[in-house]
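# Observations on the three-dimensional arrangement
This is what each chain is made of:
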Amino acid sequence: MKWSKYFVADRAFEISTWVFENLEIWDSHTHIGFDKDEMNMSLKDLLKNMKKYNIKKSILFPLNDTRDQTFNIANDEIYAAYKKHPKKFIHFFRLNPHSKWKDEFNLRVEQGFRGIKLHPRTQNFDLDSASAMQIYEKAEEKNLPILIHTDRGLNEIGDKIEAVIKEYPKLKLILGHAAFVDMDHTIRKLSRSKNIYFETSAIAVFDIFDILQKVEPYSIVYGSDIPYVDMEYSLESIIHIADAVNISMKNLQKMLSGNLRKWFDD
Amino acid sequence: MIKSLKNLEGVKNIEELIQDIINSRRKENIRLIHYLRLYTDITSAYEDLYVKHRDQAIYYLNKAKRSGKDFDIKKEEKFMEKIIPMIEESIVLIKKAKRKKKKPSIHQMHRVKANLLTIQGICVIRMLKRS
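The rules we used
- Residues numbered from 1 in each chain as written.
- Chains lettered and ligands numbered in written order.
- Predicted model: local features only at pLDDT ≥ 70, side-chain atom pairs only at ≥ 80, totals over all residues.
- Helix = DSSP H or I, 4+ residues; strand = E, 2+ residues; numbered from the N terminus.
- Contact = placed C-beta atoms within 7 Å.
- Core = buried A, V, L, I, M, F, W, Y, C linked by C-beta atoms within 7 Å.
- Buried ≥ 20, exposed ≤ 12 C-beta atoms within 10 Å, placed from the backbone.
- Pairing = 2+ DSSP bridges.
- Axes fitted to C-alpha atoms, helices over the stretch in contact; angles between N-to-C directions.
- Nonpolar A, V, L, I, M, F, W, Y, C, P; charged D, E, K, R; others polar.
- pLDDT = per-residue confidence, 0-100.
- Right-handed = clockwise from strand over helix to strand, strands pointing away.

### Things to note about the overall build of chain B
When helices and strands are tallied, chain B shows four helices and zero strands. Counting from the amino terminus, helix and strand elements in chain B follow one another as α-α-α-α. By sequence separation, contacts in chain B at least 24 residues apart represent 63% of the contacts at least 6 residues apart.

Put into structure tokens, the structure is as follows:
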């Protein structure tokens, strides 16, 4: 059965009510807190959005919070949000490889965090720098997936990520923004890896088209990057493009939550 | 005589039907042209921003804002209500960035970039939604 026939135009962005009612949606890229660029998101607003767009669960991590070097304050806020709503969030902590990150790492592992967020551009490190490699090693050891920013500001990342997974073959990586700066190359190099997910937030609609056509459905995860991009639009774009390239309902379900469930279902 | 009148009435109905189709197609073409123009202006702004031509980016964003406001099709209003504030916010952020001594690059303007990509995406999705 082709799912797009159930589309109805009853919402601002016409997200299918059928998709809402029948598919479980997990968002792999959400934030709360404050960013250096003045963007912010409260826990209350995030939960409101999740409810409105029927997002059952979200991977949650801090923005680029400059209150301290180690993200200790911001990670505490993520932990508090998780403790308050444990069924709503998969809590990730953010690290700065230039800071004394080991204490922060150990604390968050003890607290049961499920993954790590790294942002090479804002924390100004190379994907294959020595300190980043140490974090990958520890993450692999503790079986903590890393969501790594692969947006503008980075180049030729396909080769670097390939080198990382050769060194740490059990490391699980979520490529935030689907490596769109080096997408074709990265897809060629990495799309068959079972330990790499391409995450769809904040990329051009044509890039979503490419991802959905060129990457296997078991390697794609939906993300919004709220508060930068709203959940409604990000969902609408992946659903529309999935329809355009004739993705089956079963595979859409994998992208919207099934693949994340494989890594994080308790 | 009655039969031929009925036939004439039928012809008249067909003419009206054809006229309706023509009008509907015209309207649809106008809708597509509006979205193409918006998409093009936003793309130009994005590219200008990327090479730090901020004044030129603001010029294209203002142009896009005017296009959005001139978009006189009822069913697209809700989308313009979403798009125009994003354009306005982007203009404010770029102007703010211009005032700073240390100029941020597009890499540091994730919010503007996300706005522009979202607007481009809405344009494409609306163009795919043929009536």
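What follows picks up the thread again.
### Here's the deal with the nonpolar core
In terms of nonpolar packing, the biggest core is built from 105 residues, with L60, F92, I116 and L175 of chain A together with A45 of chain B touching the most fellow members. Each residue touching F92 of chain A, except ones within four places of it in the same chain, is listed here: I59, L60, F61, F113, R114, G115, I116, K117 and L147 of chain A.

### Let's talk about the sheet that holds strand β2 (residues 40-41) of chain A
Backbone-to-backbone hydrogen bonds pair the strands of a sheet. The strands run either parallel or antiparallel. Residues and elements named next belong to chain A. The strand order β2-β1-β3-β4-β5-β6-β7-β8-β9 describes an open sheet built from nine strands, whose pairing is mixed. Each edge of the open sheet is held by one strand with a lone partner, namely β2 and β9 (220-221). Bridge analysis of strand β5 (residues 115-118) against strand β6 (residues 146-149) gives three bridges, and the strand direction is parallel. Bridging across to β6, K117 finds its partner in L147. Strands β1 (25-34), β4 (89-94), β8 (196-199) and β9 of the sheet are contacted by helix α10 (residues 249-264), whose axis makes an angle of about 80° with β1.

### Here we look at the interface of chain B and chain A
Taken together, the 14 residues of chain B in the interface contact 18 residues of chain A. The dominant element in the side of chain B that touches chain A, judged by the number of residues it contributes, is helix α4 (residues 110-128) of chain B, at eleven residues. Looking at the side of chain B that touches chain A residue by residue, the classes come out as seven nonpolar, five polar and two charged.

### Details of the environment of K56 of chain A
All names here are of chain A. Here K56 is to be found in strand β3 (residues 55-62). For K56, a count of 14 C-beta atoms within 10 Å puts it in the partly exposed group. Sequence separation between K56 and E24 is 32 residues, and the spatial gap between their C-alpha atoms is 6.7 Å. Apart from residues no more than four positions distant in its own chain, K56 is found in contact with E24, I25 and W26.

### Points about the confidence of the model for chain B
Across chain B, pLDDT averages 86, with 87% of residues at or above 70. Scored as a whole, the predicted complex attains pTM 0.88, and scored at its interfaces, ipTM 0.79.

### What to know about the pairing of β6 of chain A
With burial as the criterion, each face of β6 of chain A is covered, one bearing I146 and I148 of chain A and the other bearing L147 and H149 of chain A. Chirality of the crossover, the property in question, places the unit of β5 of chain A, helix α5 (residues 130-141) of chain A and β6 of chain A among those that are right-handed.

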